[in-house]
Amino acid sequence: MTFELLKTAVKDGGARLGRLAFSGRRTVDTPNFFGLTSRGVIPHVTPDNVEKHLHTNGTYMALEDFIERPQQYMTRSPPIYETPSPINKPLNSFTAMPSSIITVLGSRRLPAVASPMGNTNQGISVFTSTGFQAVTTKEYLNAVQSLNPDIAIPLADLTHKTNTPTSKRALRMAERTDDWIKEWFTEMYKNKDSKIATFAPVLPISYSMQWEYLERLSEEHASNPAGLSEIQKPRHPPRLALTAPSTPHQVLRQLALGMDIFLLPFLSTASDAGIALSFTFPPPPPGSSESSELLPLGIDMSSPEHSISLTPLTDSCTCYACTTHHRAFVQHLLCAREMLGWTLLQIHNHAVLASFFASIREALADGTFEEKAKQFQLRYEPEIPTGLGERPRARGYHFKSEGPNEQKKNKPAWSKFEGEEGEQVKEGEKKVEGTVAEKVGELRIQDEQSGSSGLGSGVDSVAETPLVPDENADAKDLEEKGFAERVEEEKK
Amino acid sequence: MSIVQRMASNKASSAALTFELVAKCSTTRARASILTLPHGPVNLPIFMPVATQASLKGITPEQLESTGCRLCLNNTYHLGLKPGQEVLDAVGGAHKLQGWKHNLLTDSGGFQMVSLLKLAKVTEEGVRFLSPHDGSPMLLTPEHSMSLQNSIGSDIMMQLDDVLVTTHPDKARMREAMERSVRWLDRCIKAHKNPDRQNLFCIIQGGLDLEMRRECCREMVARDTPGIAIGGLSGGEAKDDFCKVVAACTELLPELKPRYVMGIGYPEDLVVSTALGADMFDCVWPTRTARFGNAITKHGVLNMKKEQYAKDFGPIEDGCGCPCCRPVDQEGAIGVTRAFVHHNSAKETVAAHLLTIHNVWYQLHLMGGARDAIIADKFPAFVKEFFNNLYPDRKSYPSWAVNALKTVGIDLFES
Ligand SMILES: [Zn+2]
Ligand SMILES: [Zn+2]
């Protein structure tokens, strides 16, 4: 790996322009973003479309997405470790991720679900599709060496809770992580040929503690760490933000503090919500009439106002979705809950971010970044709209348990089946939900194979085209839509 | 060995379609042809995947195109409700709505009403049913169906027919349905606004009564529609009966018109029906079953969710040329393994998308293979190899297939 720092906006720190390169991979001009995967895929986007249409040069993958232990096969080793890989990139080969794309391997998804078990001196607790399990530092090291990602993030003793750790917990965090990093560097590069770049974790702890931790990191492993993986102290190695900014405004702020590469959970969230992101950098010049009004960061494509609009999702976008399709189609797909709607939005939203970062790099190069960033903050609304469209079904491993009173992530499906089986999943037992979902899947197969139509038992109804009439279509709709006419009296 | 029969006149045209018979199998009734529709030519025999709501299970039109598909289905009933006729008119039809440059076929919409709404009642006027939402009585007529299909702009549209399950016990009702379907065809022809750019196909009815089927064939053929469908099958009838109906119809149908057997899609059904002289088929099964983790292969349907595939790093199907399975050094290869599909089956939609691509490819290429074999006049060998792959043990060959193929000169047990 090489990282070249081309320009910094201010003397000591601030936003910076760089170039990250791995042999055999696409070069990444920074600042930039990497795609965020779920179980090794960018949600809704097949690997061929990632390569052709997504314009992302890297992806982040979480080990916890690959190491579940199915109940009946508890002793089975995770299949991913046995992936044959002619290119010696088992992580790419297992996930069919194009070999041109840089892979980052971390232990946890982003954002991660806080584990009730907590970490130990030996390692951390992770959340797989079959529940929580422990991963020791040794196991993690072996996993990384076996999967050979381009970038690996060592384990850190993080809690993944929103509150700041107590000073006692923070101290233990620093000490444990410190020990783990030591072990990492002792073991990781025993094989001199290893090309894996370590992006050392930076901890959410006080400045003084952080300082000590980073000092030790740079003294003891000066020759080794290729990067830092959280926002902190300006240094020369590239910085990967695991901070999950929720808006482009936050991206700009963190970028101004010197972050180089971002992982952006809000991308898929927006697509799932039916939102086409619509911001550009810099913002369009204020028109004479609506100069005082803030611009939205995204457009709700499920809104009926787009139903006959043949314009692209956003005017200037050149993505596959915008050049081949139009708003009317995406609106129809969202309304009909066809999976392609989310696919097209993912392609578009990734393209919006790619051009956002490209323009930022241009501005950094010509010295106009700060001015334009200021305009951006002033022109756009603070938050991405929520969207009224119905989302794809969330699976157990998709979301964070927020305690016993959290709202159900999935609306009860319209079938009876969910009512009878799904309701048995009690709040707070989220890990069971994944299992239930699988059981349900199997039942549906039997259902299908036994020849009964299975049409009404659509637990995963989002992706299934309902063949029974739309529950919301009343006689007036049928008539207005020309499908049939209303008859006043039943004639004999 | 015999020579492929070539006819002096092997081409017939109507306003919006040309049918060119390329070759006929010298043993069976199988035919290879080129059907030229308003959005380009398609090779027959053909399997047509079903993009019910103007989208095929999450794959992009570009990906569908990459499977070789040039003719797919949309459902009139679904498009009639969403996005609705008004939007279709405003947008300029279903091709434009979904960004599909190739051909579309639509059903009449009647099938959904009759088969899914228990309360549907058919009268001479049309299909009466109660609105599923507020219970108001509604009426779907041949004219409504034509008007909607005209708005959709499909290259092939289907007449509204009085469709009964073939196993319906009441013979008088069956006759009524058959005769009414003929009368409704006349109404459809009259109501069809774009015969110069949309082809209206008739649908042969008559249940399992072969005499009634023949009578219906004669009536329908007399109306000279550009193509002909055999309807009412794919229900609960025995496979033997199904084959007899197809055979009875193809025997009477004009040589230079495409013959479409509606709603069938299992590979054995496609191969046998092709041998019986049918050209076009559609079914939701290949794409629907992908969502359950099922891969269609020449050795049968494999469920990728089974534990045995967890560490299977081979392609979904060895030797398959689809983008998922083709060797990774080839152009457009995705490099998907069974292990990866297993990993994400029922977890990430992408696994279903990948299986959809594979399954559609499989079905299209099964028909492509049949076509090549017909042209080379090696179709009987193709059929034997197909069954040999599917059932390694000859004893398990389905008797309906054995019997049906025997009627057209193929003995599956002969070496
Ligand atoms: Zn776009
Ligand atoms: Zn394949």
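Treat the numbers as computed from the prediction; the structure is a model and nothing was measured.

Student: Would you mind showing me how to read the coordination of the zinc ion (ligand 2) here?
Tutor: Coordination angles at a metal have ideal targets, namely 109.5 degrees for four tetrahedral donors and 90 or 180 degrees for six octahedral donors. In this structure, B:C320 (SG), B:C322 (SG), B:C325 (SG) and B:H358 (ND1) serve as the protein donors to the zinc ion (ligand 2), at separations of 2.0 to 2.4 Å. Taken together, the four donor atoms coordinating the zinc ion (ligand 2) span angles of 106 to 116 degrees at the metal, a pattern that classifies the geometry as tetrahedral.

Student: What's the story with the packing of helix α5 (residues 142-152) of chain B against helix α6 (residues 171-191) of chain B in this structure? I'm lost.
Tutor: Angle between the axes and distance between the axes are the two parameters that describe a pair of packed helices. Residue and element names in this part refer to chain B. In contact at an axis separation of 9 Å, α5 and α6 are set at 40 degrees when each is read in the N-to-C sense. Between α5 and α6, the angle falls in the class oblique. α5 and α6 meet at a crossing whose hand is right-handed. Contact residues: α5 offers P142, E143, M146 and N150, while α6 offers W184, R187, C188 and A191. Looking at the contact of α5 with α6, its residues break down into five nonpolar, one polar and two charged.

Student: Help me understand the UniProt feature "active site" (unreviewed entry) in chain B in this model?
Tutor: All names here are of chain B. The UniProt record marks D107 and D282 with the feature "active site" (unreviewed entry), using the residue numbering of this structure. Taken together, the annotated residues stretch across 176 residues yet fold into one region, lying no more than 10.6 Å apart by C-alpha. Looking at the element boundaries, D107 is found in the loop between β7 (103-106) and α4 (110-116). What D107 contacts, discounting residues up to four positions off in sequence, is N74, N75, T76, Y77, Q112, Q149 and M158.

Student: Could you clarify how one ought to interpret the UniProt feature "binding site: substrate" (unreviewed entry) in chain B in this entry?
Tutor: All names here are of chain B. According to UniProt, the "binding site: substrate" (unreviewed entry) feature falls on D107, S108, G109, G110, F111, D161, Q205 and G232. Within the fold, G110 resides in helix α4. In this structure G110 touches L140 and L160, once residues within four positions along its chain are discounted. For F111, the position within the fold is in helix α4. Its relative accessible area of 44% is what places F111 among the partly exposed residues.

Student: Looking at this structure, how should I read the domain arrangement of chain B?
Tutor: A common way to express how large an interface is: the accessible area buried when the components associate. Residue and element names in this part refer to chain B. Splitting chain B by domain gives domain 1 (26-289) and domain 2 (292-398). One C-alpha centre belongs to domain 1, the other to domain 2; they are set 27 Å apart. On the domain 2 side, the residues contacting the 38 residues of domain 1 number 30 residues. Interface area, domain 1 with domain 2, both sides summed: about 2700 Å², of which 72% is carbon and sulfur. Among the residues domain 1 hides against domain 2, the three largest losses belong to T67, V271 and T289. Together they make up 24% of the total. Scanning the region where domain 1 abuts domain 2 turns up zero salt bridges.

Quick notes on the rules
Residues numbered from 1 in each chain as written. Chains lettered and ligands numbered in written order. Predicted model: local features only at pLDDT ≥ 70, side-chain atom pairs only at ≥ 80, totals over all residues. Heavy atoms only, no water. Donors = N, O, S within 2.8 Å, 3.2 Å for Na, K, Ca; no water. Tetrahedral: all angles 85-135°; square planar, octahedral: opposite > 155°, others 65-115°. Axes fitted to C-alpha atoms, helices over the stretch in contact; angles between N-to-C directions. Helix = DSSP H or I, 4+ residues; strand = E, 2+ residues; numbered from the N terminus. Parallel < 35°, antiparallel > 145°, perpendicular 65-115°, else oblique. Left-handed = near helix turned anticlockwise from the far one by under 90°. Contact = heavy atoms within 4.5 Å. Nonpolar A, V, L, I, M, F, W, Y, C, P; charged D, E, K, R; others polar. UniProt positions renumbered as here; feature names shortened; annotations may be inferred. Buried < 20%, exposed > 50% of the residue type's maximum accessible area, 1.4 Å probe, protein only. Domains from an automatic or database assignment. Buried area = accessible area lost by both parts, 1.4 Å probe. Salt bridge = Lys/Arg side-chain N within 4 Å of Asp/Glu carboxyl O.

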